[in-house]
Every structure is written in C-alpha cells, then in structure tokens.
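Close look at the chain arrangement
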Amino acid sequence: MVVYFFFMQEKLAVCSVITEDFVEYLKVFCQSLLDNCSNFTRDYLVFYYKDTLKEDDFAALRRIYKNFVFKEINEKNYDVLIDESYKENIPRQTLIKRFAYARLEMFNQEGYDQIIYFDVDMIVKKNLNSLLNIRYPDGILACEDIMVKKYKLACPDIYKKDHFVQGGLIVVGKKMINKETYQDLVNLLPRASEFRLNDQSMFVYYFGKKNKIKSLDYLFNCPRKLIRNKDVNLKDVYIIHFSGSTKPYDIKSKRLNYGCYTFKYWHKFKRKIDGQNILLIFIKNIFYIKGFSYLRSKVLNN
C-alpha cells in the first residue's frame, strides 16, 4: 500500500546521471521542474563519471538551481561491465550500459528519506506535488512501460521481465537507501548480460522478487509518442519523456530538432535558459521567410 504522510524533518532528494553531453538536457529539465513546482527545494544529486564534467558545466547548472549536489561515481564498482581487451576503444553499447547502471548510486545515499530518480530527457508540464508528496518507504515506485504495453510491442512474459518498470522515473523509499541494497545490486552487475534492458530489467528482477514494486500513474512518465499519436490528452500529462533516439535537441550540432510537435515544449525552456525572446524569434523568422520568398521570386523571374 502506498502511504502519504508529511514530516518536517524529512531529508528528500531527486537525482539524475549525466555526462557533459547531457548538461543541456539537465538544465532544461530542472528549469521545467522549478517553473512548475515553485516550492521545490530538495537536493538535486547529480552522478557523473570522472572527467565527464567540467567546471563550466558545474557553474552552468548551479546558475539554474543552487541545490545541485555533484557526486563522482566510484568507477571500480562498474569495471565489471567493461572488457579489458577493449582498452581505450570501449564500444558505444558498453558505455551506454555503464551509464545506465550508474543510477544504482542513488541506493547508496544513506541519510535521505526518499530519492526520486529522473532521466534528463524529460520536461515537467505541470505541478508535481502529487508525486513529491507520495511515500512508499518499503520499496520503489515506478511507472510501467506504457507504450510497450499499449502497442503490444512485447509478449506478456517479456513485458513482465523487462517492461514492468520504465526506468525513466524511480521513487526510492527510505528502507531501500542503504549499503545492503546498494551492494546487492552491484553484486548483480557480473550478470548484466541477463538483463536485456540493463537497470530497468535488474530492478524488475531484484525488487519484483521481493514484492517491493508499486506502480505509479504513467502520466508522470509519459512517452512523447503517446501524445503525438493522440493516445493521451496532453492536459493530463505531468511529465513528457522524450524516450527513444529522436530528441528535441541534437547534442553534436547543438541545434534544436523539430521532428515532433511535442519538442516545442522542450524548446520553450531551452530558449528561456538561453535568454531568447520568443516574440523576437518569431518576428525574425517572419522576416527571414519573407526575405527568402523575395529572393526566390527574383531568381525565378530572371
């Protein structure tokens, strides 16, 4: 049973895992969180591997939110995921796996009464008090992978094994934040090949076996494709998750993507952070389009 309660002395946090490539995504997510939750003051734990963030990254994030707490990951715990024969040329898939499992660090943060993990490729659409006020100290809370379920993208057995938890948002209760739970999970890393969807599958296995998983409403972790396909009313959505390979922002080119209309909500927060005036951008685009049309007509008429 999920319990709601409030104690003045609770120590609460949220967390994410990033590299320098995802600093912009964390900035945007955090800005959307602050804009929609005006009373938000929790620690925001940021887990990162050594040398993947620079001082400029720390400074840029602190300009968004003063309560960021940066925590370097103990890489030795994750060395088992890397074949030594790769040396410096570690395959991308291995790096992704190492990045995904790094969220195990949230279970090692003793002293907190609750920690909520967020993927950073998300934005908050409306106030999250109903999520922030929920408590389940005995286990974890997570949304199911609703897109896989709704579109029947996996057979029932695979769904139960790999998709019963969607790893983009995990609420960890107080009794799960301890060295014993953390070490249990780290001890499962040599079996990583058994977990098809990395930590997501591991959580289903470990916490499911203990009957320590409770479900959250998927509207707290809603895939943008459900919104695009009109399978959910955007007004009901708390968090849009830009899961999948197509994102609202291209990391390499540092340009906005326009491949889905839901991306505009991410772009709005990005422009706010960058200090861009949306009205001026709109006017500039009109002049650009008019100028282009004029030049085109001149070329065609000559």
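Before reading further, recall that the structure is shown in the block above.
First, a word on what this report is: a plain description of the structure on this page. (Residues numbered from 1 in each chain as written. Predicted model: local features only at pLDDT ≥ 70, side-chain atom pairs only at ≥ 80, totals over all residues. Heavy atoms only, no water.)

**Structural notes on the side chain of Glu 144**
Selection criterion: Each helix corresponds to a stretch of at least 4 residues labelled H or I by DSSP, and each strand to a stretch of at least 2 residues labelled E; elements are numbered beginning at the N terminus. Distance and chemistry together define a polar contact, namely a pair of N or O atoms within 3.5 Å, with one atom able to donate a hydrogen and the other to accept it when in protein, and with adjacent residues in sequence counting only for side-chain atoms on both sides. By definition in these notes, contact holds between two residues if any of their heavy atoms fall within 4.5 Å.
Along the chain, the position of Glu 144 falls in the loop between β8 (140–142) and α5 (146–150). Reaching out from Glu 144, the side chain makes a polar contact with the side chain of Lys 149 at a distance of 3.4 Å. With residues up to four places along the chain from it excluded, the contact list for Glu 144 reads Lys 149, Tyr 159, His 163, Phe 164, Gln 166 and Ser 215.

**Section: the packing of aromatic side chains**
One pair of aromatic rings is described through two measures. These are the centre distance and the angle between the planes. Note the threshold: Here the aromatic set is Phe, Tyr and Trp, taking the six-membered ring for Trp, and pairing holds for ring centres within 6.5 Å; pairs whose planes are under 30 degrees apart are stacked, those over 60 apart are edge-to-face, and all others are tilted. Buried, partly exposed and exposed residues are distinguished by accessible area as a fraction of the type maximum, computed with a 1.4 Å probe on protein chains only: under 20%, between the cut-offs, and over 50%, respectively. The rule is short: NZ of Lys or CZ of Arg within 6 Å of the ring centre and within 35 degrees of the ring normal puts a charge over the ring.
With the rule as written, the count across this model stands at 20 aromatic pairs. Summarising the aromatic geometry, the rings of Phe 195 and Tyr 205 are spaced 5.7 Å apart at their centres and angled 50 degrees between planes, so their arrangement reads as tilted. Separated by 10 residues along the polypeptide, Phe 195 in the loop between α7 (179–186) and α8 (199–209) and Tyr 205 in helix α8 bring together distant segments of the chain. Tyr 205 gets classed as partly exposed once you look at its relative accessible area, which sits at 28%. Geometrically, the ring pair formed by Tyr 249 and Trp 266 is stacked, given 5.5 Å between the ring centres and 25 degrees between the ring planes. Within this pair, whereas Tyr 249 is found in strand β13 (residues 249–250), its partner Trp 266 is found in helix α10 (residues 263–274), the two being separated by 17 residues in sequence. For the pair formed by Tyr 249 and Trp 266, the shared burial category is buried. A network of ring pairs unites the aromatic residues Phe 40, Tyr 44, Tyr 48, Phe 58, Tyr 65, Phe 68 and Phe 70 as a single cluster. It is Arg 98 that lies over the ring of Tyr 49; its NZ or CZ is 3.8 Å from the centre. The lysine or arginine in question, Lys 126, covers the ring of Tyr 238, its NZ or CZ lying 4.5 Å from the ring centre.

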